[in-house]
Amino acid sequence: MQSRPSTRPRRPGMWAIRGPLSRRQYWLFAALGLLVPLGLWWGVSSGAAVDKVFLPGPVDVFNRLVTWFTEDDLMSDMGISIYRVTTGFLISAVIALPLALMIGTFRPVQAVLEPLTDFIRYMPAVAFIPLVMLWVGIEESSKISIIFIGTFFQMVLMMAEDVRRVPLAQIEAAQTMGAQKGETISLVIFQAAKPALLDTLRVTMGWAWTYLVVAELVAANSGLGYSILKAQRFLQTDKIFVGIILIGLIGLVMDQLFRLAHRKAFPWLHLRS
Amino acid sequence: MSTKISIQHVGKVFGEGRHRVEALKDVSLDIADNEFVTFVGASGCGKSTLLRIIGGLEYHTAGDVLVDDQAIMGPGADRAMVFQHYSLYPWLTVMENIKFSRRLRHGRENLSAADVEAASGRADALLSLMGLTAAADAWPNQLSGGMQQRVAIARALMGRPQVLLMDEPFGALDAQTREVMHDLILHVHRLEKPTLAFVTHDVEEAIYLADRVVLMAPRPGRIDTIYEVPLPAEREQDMKHTPEFLSLKKEILARIRETSGMKTDQGMLDQLNLQGSTV
């Protein structure tokens, strides 16, 4: 006969609602999530029925990466793209930060700027290209401008929200300790909002990268976005793949750098319990 | 004893027209120097609003509030406030939180080296008074709720405020922690001698701590009754079981219920019960 069933409830399995997952299991599933699509891609593309122009295989894409690096100066394409994105992003951040502090702190500033910003942010950045060419020209600054337009307005609104979420009790406590207006802003509101602001920068950095291809539509002759567009013209599908994957990887690295900075700058938020 | 805070015919109206709410109406009260006054009352009675008006965080729409015969103009370091929660600065350590007021211009004016030394000594003294010495370099989110409130109190005391305003400071703590905090705040009151105005919804707490309990009533917010607490100045936990304490507690609870404007409708309860049993 079988043993008597245990009367104690068992440890919940990984498929229980919000159930536990060990570290090993996590990495196992993560590897599965990455390898299965790769395998599918490889399987489909190596079938005889699929034209390489339509879907190049992983090996073709890797070979293209190597030739791009050795013969077509991949590093300078990456360099110029990283330069454009980070410059547009930094200009945007430097202007957005003080504005967001003012919007989140003073209601009149909010009333003046927020509806306007809300309105502009729905305008498609691509549609600004003719205007940017007209006003800024076709130099490097035009590409940076497009990145700026794509990120700035979202950034201001999100940062203003970060500033507004600072608990009122923290502000009022400072006031009852004799803090002046400027001291309250610089010593309390800004300090309290910092972690959220850095998170907003991380998220908007991702958006800045999505505007790269758009920005390099403007009279560019180098860069990852430009290379993708050119490859399209010559039906170099494998190069398009390389470009897209590289942009994704650079984004991933930057995201991790932001997370690292967050851990270093705000250690009290990353304590092991 | 001289009057520290004089509240004279204070009124407070929120909103206009249809949204007009009279939060306080004709509130008058004198609080003596070094007195400990607690405020209780049904929700909406305006006790927190009154405290915030004294703190200068809210403006009154009628009457006057005087501290040392001076009309108050906004918040100031002479009236420190302790909130229920979320008021500590999570990016500063416990020690840095306590010394926060020293970083303000008000705290730096005409400071000699001796003053800086004294301030540092005071921070250490407050730290040990609050039993926080071991936690000096910890961040607030590493501390329990009770410890966090100790930091908040020490920080408020740092600038030697003459008035300490406390808005349900122990409302989020468990019963045992709260008892410890009660004796601690009484000790602080004896030692530092601030005038203390303390808002709570816990009647036992209100009686145990106070020289006088002010009961407020809602719609419009007003002072209903002021009770002198018939206990010796030195309080001990055992006093909570004395007949005087219990009868005062009963009296205040009954009065809060009467003034809250809410009654338990026995008929409705019976009806609900009836429906439950037939289904």
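Keep in mind the model is a prediction, meaning the values are calculated, not measured.

*Asks:* Where do I start with the overall build of chain B in this structure?
*Replies:* In terms of helices and strands, chain B carries nine helices and 10 strands. Relative to the compact-globule value of 19 Å for 279 residues, chain B shows a C-alpha radius of gyration of 21 Å, a close match. Across the 279 residues in chain B, those meeting the buried criterion constitute 49%. A separation threshold of at least 6 residues defines the contact pool for chain B, and within that pool the share at least 24 residues apart is 71%. Charge centroids of chain B, computed over 30 positive and 37 negative side chains, lie 4 Å from each other.

*Asks:* What am I meant to see in the overall build of chain A here?
*Replies:* Of the regular secondary structure elements, chain A holds 11 helices and zero strands. Taking 273 residues into account, the globule formula puts the C-alpha radius of gyration at 19 Å, and chain A, at 25 Å, lies well above it. With respect to the principal axes defined by its C-alpha atoms, chain A has extents near 85 × 75 × 30 Å. Of the contacts made within chain A by residues no fewer than 6 positions apart, 71% connect residues no fewer than 24 positions apart. Looking at chain A as shown, the accessible area adds up to about 16500 Å², and 67% of this sits on carbon and sulfur atoms. The averaged location of the 18 negative side-chain charges in chain A is 15 Å from the averaged location of its 25 positive side-chain charges.

*Asks:* In this structure, what is going on with the interface of chain B and chain A? I would like to understand it.
*Replies:* Often, the extent of an interface is quoted as the loss of accessible area upon association of its parts. Contact residues are listed per partner, giving 28 residues for chain B and 20 residues for chain A. Surface buried jointly by chain B and chain A totals about 2100 Å² across both partners, of which 66% is contributed by carbon and sulfur atoms. It is W91, L104 and W139 of chain B that lose the most area in chain B upon contact with chain A, and together they represent 28% of the buried surface on that side. Our enumeration of links across chain B and chain A arrives at one salt bridge. With its nearest N and O atoms 2.6 Å apart, the salt bridge here joins R52 of chain B to E172 of chain A. Inspection of the chain B/chain A interface yields six residue pairs in polar contact (both at pLDDT 80 or more). Elements supplying a minimum of two residues to the side of chain B that touches chain A: α1 (47-55), β6 (79-82) and α3 (105-108) of chain B.

*Asks:* Explain the pattern of salt bridges to me, please; I cannot follow it from the model alone.
*Replies:* As enumerated under the stated definition, the model contains 26 salt bridges over all chains in all. Close ionic contact of R84 of chain A with E140 of chain A constitutes a salt bridge, the shortest N to O distance being 2.3 Å. Note that R84 of chain A is positioned in helix α3 (residues 74-105) and E140 of chain A in helix α6 (residues 140-164), a separation of 56 residues in sequence. Among the ionic pairs, R178 of chain B bridges to D202 of chain B, the shortest N-O distance being 2.9 Å. Here the residue R178 of chain B occupies a position in helix α6 (residues 175-192), and D202 of chain B occupies one in the loop between β8 (195-199) and α7 (203-209), the gap between them amounting to 24 residues. Of the two residues examined, R178 of chain B and D202 of chain B, each falls in the buried class.

*Asks:* Is there a simple way to explain the environment of Q110 of chain A in this structure?
*Replies:* Checked against the element boundaries, Q110 of chain A lands in helix α4 (residues 107-121). Setting aside its immediate chain neighbours within four residues, Q110 of chain A contacts I103, P115 and R164 of chain A.

*Asks:* Where do I start with the sheet that holds strand β10 (residues 222-228) of chain B in this structure?
*Replies:* Strand pairing within a sheet occurs via backbone hydrogen bonds; the two strands may be parallel or antiparallel. Residue and element names in this part refer to chain B. As summarised here, the arrangement of the six strands in space is β6-β7-β8-β3-β9-β10, forming an open sheet in which the pairing is mixed. The open sheet is flanked by β6 and β10, the only strands paired with a single partner. In this sheet, neighbouring strand axes are inclined to one another by 20° on average, regardless of whether the strands run parallel or antiparallel. Of the strand pairs in this sheet, strand β3 (residues 36-41) and β8 are connected by four bridges, and their pairing is parallel. Residue pairing for β8: F36 is matched across the bridge by L196. Taken strand by strand, α6 contacts β3, β7 (163-167) and β8, and its axis lies near 140° from that of β3. Its contacts with the sheet place helix α8 (residues 243-260) against β3, β9 (212-217) and β10, and it is angled at close to 175° to β10.

*Asks:* Would you mind showing me how to read the nonpolar core here?
*Replies:* One recurring pattern in soluble globular proteins is that nonpolar side chains are buried together. Formed by 95 residues in total, the largest nonpolar core has its most connected members in L224 of chain A together with F39, Y89 and F100 of chain B. Non-local contacts of F39 of chain B, meaning those with residues more than four positions away in its chain, are made with L29, I31, K47, L50, A197, F198, V199, T200, V214 and M216 of chain B. Of all hydrophobic cores here, the second largest spans 54 residues; its members include L127, F198, V213 and I256 of chain B.

*Asks:* Is there a simple way to think about the packing of helix α1 (residues 23-46) of chain A against helix α2 (residues 58-71) of chain A in this case?
*Replies:* In a packed pair of helices, the relevant descriptors are the angle between the two axes and the axis-to-axis distance. Residues and elements named next belong to chain A. Here α1 crosses α2 at 100°, and the two axes come no closer than 8 Å. For the element pair α1 / α2, the angle class is roughly perpendicular. Facing α1, whose interface residues are W41, W42 and S45, α2 presents P58, V59 and V61. Partitioning the contact of α1 with α2 into residue classes produces five nonpolar, one polar and no charged.

*Asks:* Is there a simple way to explain a nonpolar patch on the surface in this structure?
*Replies:* A grouping of M14, W15, L21, Y26, W27, L28, F29, L32, V36 and L40 of chain A is seen on the molecular surface, where their side chains present a nonpolar patch of about 1100 Å² in accessible area. Its place among the elements puts W27 of chain A in helix α1.

The rules we used
- Residues numbered from 1 in each chain as written.
- Chains lettered and ligands numbered in written order.
- Predicted model: local features only at pLDDT ≥ 70, side-chain atom pairs only at ≥ 80, totals over all residues.
- Heavy atoms only, no water.
- Helix = DSSP H or I, 4+ residues; strand = E, 2+ residues; numbered from the N terminus.
- Rg over C-alpha atoms; globule rule 2.2 N^0.38 Å.
- Buried < 20%, exposed > 50% of the residue type's maximum accessible area, 1.4 Å probe, protein only.
- Contact = heavy atoms within 4.5 Å.
- Lys, Arg positive; Asp, Glu negative; His and termini not counted.
- Charge placed at Lys NZ, Arg CZ, Asp CG, Glu CD.
- Areas by Shrake-Rupley, 256 points an atom, 1.4 Å probe, with all protein chains shown as cover.
- Buried area = accessible area lost by both parts, 1.4 Å probe.
- Salt bridge = Lys/Arg side-chain N within 4 Å of Asp/Glu carboxyl O.
- Polar contact = N/O pair within 3.5 Å; in protein donor to acceptor, adjacent residues only side chain to side chain.
- Pairing = 2+ DSSP bridges.
- Axes fitted to C-alpha atoms, helices over the stretch in contact; angles between N-to-C directions.
- Core = buried A, V, L, I, M, F, W, Y, C linked by side-chain atoms within 4.5 Å.
- Parallel < 35°, antiparallel > 145°, perpendicular 65-115°, else oblique.
- Nonpolar A, V, L, I, M, F, W, Y, C, P; charged D, E, K, R; others polar.
- Patch = residues over 30% accessible without salt bridge, like charges linked within 9 Å, V, L, I, M, F, W, Y side chains within 5 Å.

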